[in-house]
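Residues per chain, in single letters:
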Amino acid sequence: DTAVSQTPKYLVTQMGNDKSIKCEQNLGHDTMYWYKQDSKKFLKIMFSYNNKELIINETVPNRFSPKSPDKAHLNLHINSLELGDSAVYFCASSQGLRDRAGYTFGSGTRLTVV
Amino acid sequence: EDQVTQSPEALRLQEGESSSLNCSYTVSGLRGLFWYRQDPGKGPEFLFTLYSAGEEKEKERLKATLTKKESFLHITAPKPEDSATYLCAGGPVRSTGFQKLVFGTGTRLLVSP
């Protein structure tokens, strides 16, 4: 039973399209995150939600819009996709400050914009 | 600016050849130093958390240590299955009180039989 699951695993789309990535966690965690990993393996935080409330919003183009319908789900919608959006997007969850086990990551969504 | 730097970028070892990976950090309000392992096509997998200088954690052939400025991941007698990218991350506390991990770019380890 997967703890943090993301769909789809692969996404190939054309420039200008709109796409969504879904994430669900069954760990009962309060906090969920979206991270972007570029071609050099650098992981950078994009957003963080705690109990459906947005708490971290890094410098991300407003074409990216996260949505958390409940604390177990965090989706990422991307409008007007650009070539530079190609990357691997990871969803993660944790119990916030009290989680000494760190984050639990999903297996990632590889987005390729052509 | 919060920053985590890892070295070397890549490391090639023979099976049984011990070595160390380095992680240096400048993260304001650091509350934890995390090590993760990432296999190709997968998400990072948690290994260790270190909270104070002098602390050490061990798991099989891996031992993580922490000083005031850096952390080391020591790999003793590695096996080919230890081949992966090892990521280090610092966890600052923000005004919201919640943790945000700042990651280094990782060390790609390849262990040859």
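### Examining the sheet that holds strand E3 (residues 19-25) of chain A
Within a sheet, each strand pairs with its neighbour through backbone hydrogen bonds, oriented either parallel or antiparallel. Residue and element names in this part refer to chain A. The strand order E1-E3-E8-E7 describes an open sheet built from four strands, whose pairing is antiparallel. Two strands close off the open sheet at either side, each with one partner strand: strand E1 (4-7) and strand E7 (64-70). Averaged over all adjacent pairs, the angle separating strand axes in this sheet is 15 degrees, with direction ignored. Here four bridges tie E1 to E3, and the two strands are oriented antiparallel to one another. Bridge assignment links Ser5 to a residue of E3, and that residue is Glu24.

### Thoughts on the nonpolar core
Within the largest apolar cluster, 23 residues are counted, with the highest numbers of intra-cluster contacts made by Leu33, Trp35, Leu73 and Tyr86 of chain B. Residues Val4, Leu11, Phe64 and Val113 of chain A belong to the second largest nonpolar core, which totals 19 residues.

### Overview of the state of the cysteines
Structurally, a disulfide amounts to a covalent bond that connects the sulfur atoms of two cysteines. Applying the stated criterion across every chain yields a total of two disulfides over all chains. Two residues, Cys23 of chain A and Cys91 of chain A, share a disulfide whose sulfurs are 1.9 Å apart. In this structure, the disulfide formed by Cys23 of chain A and Cys91 of chain A twists by about -75 degrees around the S-S bond and is classed as left-handed. Residue Cys23 of chain A is found in strand E3, and its partner Cys91 of chain A is found in strand E9 (residues 87-94); the two are separated by 68 residues along the sequence. By relative accessible area, which is 1% here, Cys23 of chain A ends up buried. Its relative accessible area of 0% is what places Cys91 of chain A among the buried residues. Each sulfur of the disulfide joining Cys23 of chain B and Cys88 of chain B lies 1.9 Å from the other. One disulfide, between Cys23 of chain B and Cys88 of chain B, carries an S-S torsion of -60 degrees and so falls in the left-handed class. Placement of Cys23 of chain B in strand E3 (residues 19-26) and of Cys88 of chain B in strand E9 (residues 84-92) is noted, with a sequence separation of 65 residues between them. Pair check on accessibility: Cys23 of chain B and Cys88 of chain B agree, each one buried.

Parameters at a glance
Residues numbered from 1 in each chain as written. Chains lettered and ligands numbered in written order. Predicted model: local features only at pLDDT ≥ 70, side-chain atom pairs only at ≥ 80, totals over all residues. Heavy atoms only, no water. Pairing = 2+ DSSP bridges. Helix = DSSP H or I, 4+ residues; strand = E, 2+ residues; numbered from the N terminus. Axes fitted to C-alpha atoms, helices over the stretch in contact; angles between N-to-C directions. Core = buried A, V, L, I, M, F, W, Y, C linked by side-chain atoms within 4.5 Å. Buried < 20%, exposed > 50% of the residue type's maximum accessible area, 1.4 Å probe, protein only. Disulfide = S-S within 2.5 Å.

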